[in-house]
Every structure is written in C-alpha cells, then in structure tokens.
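# Summary of the model geometry
The primary structure of each chain is shown beneath.
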Amino acid sequence: MIEANSAPEQAPGTIFSHAASNNPTQHSSAPVLSARALRRAYGSTLALDGVDLEILTGESVAIMGPSGSGKSTLLHTLAGIEKPDSGSVLLASSAGQQDITTLGESARSKLRREAFGFVFQSGLLIPELTAVENVAMALMINGLPRAAALPQANQWLSALGLAGMEERRIGQLSGGQAQRVAIARAQVTGAKVIFADEPTGALDSATGTEVLNVLMESTVGRGNTLVMVTHDADVAARCDRIISLRDGKITSETRPGSPNTIAPGAQH
Amino acid sequence: MRTLSLAWLLGKPTAARRAPMLLTAGAYGLVSALVLTTIAGALSFNRIQNELSGMYLMLAGLACVLLIVPLAVLGSAAARLSARSQDLRLSTVRLLGGTPGLVLGITVVESALVAFTGAMAGIALYAGMAPLVGMIQFQGSAIGAAIWLNPGIIALVVLGVVLIAALSSGFGMRKIIVSPLGVRNRSQTPKPRWIRALIVVGLIAGISQAFSMISVFKDLAVMLAVLLGGFALGVGALNLVGPWAVGLIGKAKLKKAETPEKLLAARMILENPAQAWRQVSGIAMTCFVAVVGGSGAALMNMAGTESSPGSPDALLSADVMTGVIITIVVSFISVACSTAITQAATTLDRAELYAGLNMLGVQRSTMEKARVGSVMGPVIGVGLGSIIISGVLVLPLAGMAMIFAPLSVAIILGTLVAGVLAVRGAVALTSTSQTLKLVRID
C-alpha cells in the first residue's frame, strides 16, 4: 500500500531555498512513475496507443501536443484518475513499487488524496470556503483535525505570497492568487508528485509567469516531481523534459537547452 | 416572434435536459394539483349551512395563507432549475450576438411553456386525487362532489401558475449572469442584517395589537381580513428574520466544525443564508401551525368529546384537527419537492466542481454529507426553534394539550417527524451522483 503523507515533510518556509531550473542535478535517476504500454480507447479513437514513459524523482516533465493528442488522458492515467484499457503505471514509494492501474476506485481516490497533488486550469477551489479553508481541506480530508490543519495551510499561503488573504473567499481573489491557493492545496499534504493541467492557461502572460515560478519553485525546487500538460511552448521550456504526443503516441522527447531529441521509448 | 421561435428551437428536450425539464414540469404539476385541491377544499365549506360556516371559511382561508409560502418557494425553485438547465444554450445565444433581453425572453417563454405542461399534468393529478380527497369528512359528511371545481377556477389556477413561473424565472435570471462564455451566479449576495430583527419586533408588536383589538370589529368579513392580514404579515416577518436566524445556525456550525463535511456544510449555509432559509421557511410555518393549531385542536378535540356526539361543536373540534394535519402534510410535500428541485439545481450549478474534486481524490460521500448537512442542519434547527418559540408563545395551551390530549399531540408530532423524514428523502433522492447521472455529466 501507498503510505499516507498526513503532514508536509518539508516546512513550506524552506520552499524557496533554491531556484528551480532545468538543472539535471536536482533529480535522481530513480523513476517515481513508470508507465508501460499504456493503451486507452474512447470508442474507435485511440487516446493512448502503447505509451512507455518514465518520470524521475525530482524532475519536471511537460506533456505537449495538439488537441486530442492524448496528453490529458496520459496525465489522468499516470495520476490514477483514469484506468487504461491495458498497460501498467508503477509508482515507487517507501513500500516498494505498486501498479496503480490494478487498484480499485476508492484505493485510487485515497492515493490521489495522499500521494499526489493537482493543479488544474480552473483551480477547482470550493467557492464557499476561504483561501485557508480550501488549503486546510486537503489535510482535513486526510484526517487531520481542523485546529492542526489551519496553521499549516496558513504557513503555505504565506510562503506563496498570500499572507493577509487567508480569510478571503475564492471569488475575492484574482486569477493568479486563486491559482496560488490551488498550488498550496496541492502540496500541503506533502505530496511528492504534482500533476498540473494547463495551470497557467487561464491567466495573462505576466500572471502566468508568476504562477509558473511559484509552481516550479515549490515543487521541483523542493525536490518533488512535476508532471505538467501545457499548450504553451514557453511554459514547457521551463521543464527538464518535454514529451510530445500525437494520436496517442509519443513522437519526441526533448530537453530544453539541449540540441538532442531523444527517441521515443529511450531510457533515461 | 424571434424570441418565440428561438425558444421553440432551443427548448427541444435533448437527453441531457430531459431530466431537469421533467423535474421542473413535475414540480409545477404538483403545485397546480395542490393549489387546486386546497382551493376546492376551502370552497367545499360553502356547503356547510350552520352557525359555524363562517368559522370554517376563516380556517380554510388561514390554511391557504399558510400554504402560499411553501408553494411559492416550490414554484420559484422550479423556475431556477429551468433556467440553470439551459445554461449552455443560453451562452450560445449570447455568443451568437443575442442580447441579454433576448436571453431573458427565451428563458421566460420556456419556463412558461414548461409550467403550462406541468399545470396540465397537475389538473390530471388533481382529478386523480379528487375521489380520495372527497372522502375526507368535515361536519360529519364527506366532501364528495364538492371537491370538483368549475372550469373557470381551474383555468385561473393554470394562468396563475404560468404567470408565477414566468415572473419567477425573470427574477431568477437577475441572480445569474449569462455571458458568451458560460453561466455563473452573481457572486455578491446581500448579507442579512440584524436591523431585520428590529423590523420584525416592530411587526410582531403591530400584529399583536391588531389581534388584541379584533373583538372591536363587528363585521365578520373585517375580522377575517384582519386575522388573515395579520397572519400574512406574520409570515412576512418570519421571512425577514429567517435568513438572519439561519445565518446564526450556520455560524454556530462553523465554529464547531471539525470534519471537512461539517466545515463545508456550515460554509454552504453561510454562503447564502437567504436561499437556505427559503428552503426551510415552509418548515418554520408548518411547525408553528402544528404547535399552535395542534394544541388548540387537541384541546378542542378533548372538549368535543364532552359535547353531544354529532353536534356541530363536536364535529368542529375533530375537523380542526383534520385541517391541521392536512395543512402540515401539504406543506411538507411542498417543502420536500422544493428541496429536491433546489438541490438538483445546486448540483447542476456545481457539476464541474464536483467532477473535478472527485479527480483530486475527494470522495463523493464527503460532498454528499456536506450537502445533506447544509439542508438538514437548518431544517432541524429552524424546525426545533419554531416548535420551541411557538410552544413558549402558547405555553399554557401546549402544556394542557400534552397533559390532557397526549394522543392528539403524538399524532401531530408524528406527522412532523414524517415530514422531516420526507425532506431527508428528497435530499437523498437528489444525490449528487444521481443528479449528474440524469444529465449525463458524471
């Protein structure tokens, strides 16, 4: 079983200890996620057509491709949101490797709550709750009492530049501020892998850059792993590796700043 | 003309819209059937030809006033669901260059059409229930054929339901913004102020004064008007203070909330106390009727057994008890239906959020428990509050009823509990997954 992370293992005060960049020394060679021969069809359309992919601990990976190329399906499958028709996704944890495609719905829900963090384009924040309650909710759902969850949530919001806005409701925040709340919620549980689906897609370019900086620094900057779907080549260029998809197949893997394109399926 | 043709074009029930449309039409059907039956019941008292005929008409009028609020809330909830269920189409109209006025026109026309369809079904339901309702006895004889209304009144009720639907949807649209990119709620909802409590205190003082002077009026019609007017004002006062009281319940729950479900439920109440109140306002009034009317009826029943059997006085006491129970039942049916409709509309509003939170690993049961808590918290809080306040208002009467007519009191309390369970059933019926499945969002 996957071990629960009921509290952040690294205090948020230390999240900006070093800037995140395309620095390969930040991640280890051990894969945290290994996808093998993933296939997923919607009717006659193949969304994933034999995808093999390894995500290393501490690296940032951008998944790019045109609409309908299968990038969101790949992210959802890696995160246990969807089950593939065939293939496996191995997640490394302290208890060893586990194929998450074999887990039932409630076990995958638990996994998503405890081991992963998510940042989506729409934020998916609960409008009735305040900023701090939205973040604390992630801890409370994992069983932490409210009194213990609120201070941790406050710490994260402060670390992400939202000090003084804790009691504001989501409708009272700007798009960029709301996305920071979503980033705090994704990481307050101590998740080691963060999945982001177009996290800056709904923001203007200046705000998008700010949010991306916060996302990179608070994830890979702390040694965690970031898997991000994006349409934006500038956003993708901030990652260690870019995976390009077309018609459900990986067509190329590139390392920004490196002239070499890696052949699909190559080991890292 | 363009509005009509567009409404016709957009109004075709697709698979995704069939369930909300059926739910809305069903709600209007129920409202129509209940209104027709209530009016028929009230008018049937015209057949009573003795010194108590005036009293019967007054009590029937009182029951009608008390049923206005739950029925109006049900109509308004149906209109809101109707508007929300055509979100995407309305956004498309705006994207194609349609003005907000055109969108409003389409919504109003469609709501009116759905209400008309529902009202027709309501007439059938009324006709179906009539033989059963006709068996209810007042003044020793069954209502019988007096339950049948003449077609003119039926047509007026249909017209009224269609008008209420059109007006409610028009007003309901003021609370949402239809932009080319989608439909969303206006974020700012007015917060209830404590000043309302002061206005209510003033209103109650005025009503008490009017009631204390009621014996001054010699004309029965004037007395009736003062009494019904007083009750209507009382209902208005309750609606002013209600959101504030529900807000207090929400704050108390927020303070104690330790689990995600409880925190979310409290915040859902506090998000819009006025809406939370509207859902339970019928319960406050029903509990008031149950305690005040029920205590009086129970004691009258006891006194009636001492009168000569079959005398008008003995029959009146039994009839008041019957009337109180019918009012409670009809009121709870309305509350349960409006709760179901409001919950379905709320779930549709938040379909994307629910689906997204599920992706994040938040289990449906968490959101479900929060939703149930946000409805049942105010139901129980407002219901108990209303029972306690009305009990204190008529303390000697309620106390005597409990001592001398425990069976009647037990029947009233049993009806209340059944009503609360009916509301709980309505909440369960419109579970998040069920509603999203119906519109195929899940």
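This one's a predicted model, so the numbers in the text were calculated from it and none came from an experiment.

Per the secondary structure count, chain A includes 7 helices and 11 strands. Here chain A holds 268 residues, and 57% of them are scored as buried.

A few words on the packing of aromatic side chains. Considering all chains together, one arrives at 6 aromatic pairs over all chains under this definition. Look at Phe 45 of chain B and Tyr 56 of chain B: their rings are 5.3 Å apart centre to centre, the planes differ by 45 degrees, and that puts the pair in the tilted class. You can see Phe 45 of chain B sitting in the loop between helix 2 (15-43) and helix 3 (53-84) and its partner Tyr 56 of chain B sitting in helix 3, a full 11 residues away along the chain. By relative accessible area, which is 8% here, Phe 45 of chain B ends up buried. Assessed through its relative accessible area of 3%, Tyr 56 of chain B is described here as buried. For the pair Phe 45 of chain B and Phe 138 of chain B, a centre-to-centre distance of 4.9 Å together with 80 degrees between the ring planes defines the contact as edge-to-face. Residue Phe 45 of chain B is located in the loop between helix 2 and helix 3, and its partner Phe 138 of chain B is located in strand 1 (residues 137-138); the two are separated by 93 residues in the primary sequence. Residues Phe 45 of chain B and Phe 138 of chain B agree in their burial class; the two are buried. Members of the aromatic cluster, each reached through a chain of ring pairs, are Phe 116, Phe 118, Phe 120 and Phe 195 of chain A.

Residues and elements named next belong to chain B. Closest axis-to-axis distance for the helix 11 (residues 312-349)/helix 15 (residues 406-429) pair is 8 Å, and the angle between their directions is 15 degrees. One way to sum up the angle between helix 11 and helix 15 is to call them roughly parallel. Both helix 11 and helix 15 take part in a crossing whose hand is right-handed. Each of Met 321, Val 324, Ile 325, Ile 328, Val 329, Phe 332, Val 335, Ala 336, Thr 339 and Ala 340 in helix 11 lies in contact with helix 15, whose residues at this interface are Ser 408, Ile 411, Ile 412, Thr 415, Leu 416, Gly 419, Val 420, Ala 422, Val 423, Ala 426 and Val 427. Here the contact of helix 11 with helix 15 is composed, by residue class, of 17 nonpolar, 4 polar and no charged.

This next bit is on the confidence of the model for chain B. Per-residue pLDDT for chain B has a mean of 79; in total, 79% of the residues score no lower than 70. Per-element confidence in chain B ranges from a low mean pLDDT of 55 for strand 4 (residues 182-185) of chain B to a high of 90 for helix 9 (residues 260-271) of chain B.

This brings us to unusual backbone geometry. Residue and element names in this part refer to chain A. We note that Ala 37 has phi near 50 degrees; this positive angle belongs to a residue other than glycine. Here Ala 37 lies in strand 1 (residues 31-42). Here Asp 247, not a glycine, exhibits a phi torsion of approximately 50 degrees, which is positive. Take Asp 247: it is sitting in the loop between strand 9 (241-246) and strand 10 (249-254).

Overall, the coordinates contain 14 salt bridges over all chains when judged by the stated rule. With a shortest N-O distance of 2.1 Å, Arg 169 of chain A and Glu 271 of chain B are connected by a salt bridge. Remark: Glu 271 of chain B occurs in helix 9 and Arg 169 of chain A occurs in the loop between helix 4 (146-159) and helix 5 (175-187); the pair is interchain, linking two chains. Within this structure, Arg 39, Asp 49 and Lys 249 of chain A form a network of salt bridges that share partners.

What counts as what
- Residues numbered from 1 in each chain as written.
- Chains lettered and ligands numbered in written order.
- Predicted model: local features only at pLDDT ≥ 70, side-chain atom pairs only at ≥ 80, totals over all residues.
- Heavy atoms only, no water.
- Helix = DSSP H or I, 4+ residues; strand = E, 2+ residues; numbered from the N terminus.
- Buried < 20%, exposed > 50% of the residue type's maximum accessible area, 1.4 Å probe, protein only.
- Phe/Tyr/Trp six-rings, centres within 6.5 Å; stacked < 30°, edge-to-face > 60°.
- Axes fitted to C-alpha atoms, helices over the stretch in contact; angles between N-to-C directions.
- Parallel < 35°, antiparallel > 145°, perpendicular 65-115°, else oblique.
- Left-handed = near helix turned anticlockwise from the far one by under 90°.
- Contact = heavy atoms within 4.5 Å.
- Nonpolar A, V, L, I, M, F, W, Y, C, P; charged D, E, K, R; others polar.
- pLDDT = per-residue confidence, 0-100.
- Salt bridge = Lys/Arg side-chain N within 4 Å of Asp/Glu carboxyl O.

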